[in-house]
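Here is what each chain is made of, one letter per residue.
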Amino acid sequence: MIGFHNLRERFLKAIQNNTLSHAHLVVGPNGIGKSTLVESLSRELLGFGDRNSVDIVRVRPEKTIITVNQIREVVIEASLRPYEGLKKVIIFYEANKMGQEAQNALLKTIEEPLDGVYFFLLTENEMSMTDTIISRCHLHKLHPLGDKEM
C-alpha cells in the first residue's frame, strides 16, 4: 500500500499490542485511499492478511443515505459472535450520509461495544457527524500525499 505509512504503522502497532481502540473516524477527500487503508487494516486486525472475511461488515448508503434500518441491522450484527475468528470489523462508507436519527441509533453500540467489535467510519467531512459520535471515535484526518511520499 502506498501512503499513510506513519498512520498505518501506528495502527499495526496497536493491533500487535492489542491496544487498538474500538472506534475510528477516518476523514479525507474522495479518492485519497480511506477505503484501501481501512480494508487492509481490517484484514490485519482479523489476522487474515490478504484474504477477505465475512467478519468484515460493510455498510454503504442505500441510494443517498445510510438508513435507520441499516443501523438497526448493524446493531444486531455487532451483538453476534464473529463467524471466522474472535473479532469483527464494521466499516461505514460515506458515514457523512448517516442522518441524525441513524447516528443516534448507532451511538449506544459505539459507546458500549462488545469485546472484539471494531468500527471504522469513513467520511469526507466530519462536520456532518454529531459531536457525540465524534467524541467516541479516534479521529484520523488524511491529507493528499506529498511529493516525497509519491
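Draft legend 1. A look at helix H2 (residues 34–46). When the terminal C-alpha atoms of H2 are compared, their 18 Å separation across 13 residues agrees well with the 18 Å that a helix rising 1.5 Å per residue should span. Burial analysis of H2 places ten of its 13 residues in the buried class, which makes it a mostly covered element. The complete set of buried residues in H2 reads Lys34, Leu37, Val38, Glu39, Ser40, Leu41, Ser42, Arg43, Leu45 and Leu46. Against the buried residues of H2 lie helix H1 (5–16), strand E1 (23–27), strand E2 (56–59), strand E3 (88–92) and strand E4 (117–123).

Draft legend 2. Structural view of the packing of aromatic side chains. Considering all chains together, one arrives at one aromatic pair under this definition. Aromatic pair phenylalanine 11 and phenylalanine 120: ring centres 6.1 Å apart, planes at 50 degrees, arrangement tilted. Taken together, the residues span a long stretch of sequence, with phenylalanine 11 in helix H1 and phenylalanine 120 in strand E4 at a distance of 109 residues. Assessed through its relative accessible area of 4%, phenylalanine 11 is described here as buried. Taking NZ or CZ as reference, arginine 60 lies 4.0 Å from the ring centre of tyrosine 93, over its face.

Draft legend 3. Spotlight on the pattern of salt bridges. Following the criterion strictly, the structure yields eight salt bridges and no others. A salt bridge links glutamate 39 to arginine 43; the nearest nitrogen and oxygen atoms lie 3.8 Å apart. Here arginine 43 and glutamate 39 lie together in helix H2, a separation of four residues that amounts to about one turn. Close ionic contact of glutamate 111 with arginine 136 constitutes a salt bridge, the shortest N to O distance being 2.6 Å. Here the residue glutamate 111 occupies a position in helix H4 (residues 100–111), and arginine 136 occupies one in helix H5 (residues 131–136), the gap between them amounting to 25 residues. Accessibility expressed as a relative area gives 34% for glutamate 111, which makes it partly exposed.

Conventions we followed
Residues numbered from 1 in each chain as written. Predicted model: local features only at pLDDT ≥ 70, side-chain atom pairs only at ≥ 80, totals over all residues. Heavy atoms only, no water. Helix = DSSP H or I, 4+ residues; strand = E, 2+ residues; numbered from the N terminus. Expected span 1.5 Å × (residues − 1). Buried < 20%, exposed > 50% of the residue type's maximum accessible area, 1.4 Å probe, protein only. Contact = heavy atoms within 4.5 Å. Phe/Tyr/Trp six-rings, centres within 6.5 Å; stacked < 30°, edge-to-face > 60°. Lys NZ or Arg CZ within 6 Å of the ring centre and 35° of its normal. Salt bridge = Lys/Arg side-chain N within 4 Å of Asp/Glu carboxyl O.

So yeah, pure geometry; function would need other evidence.
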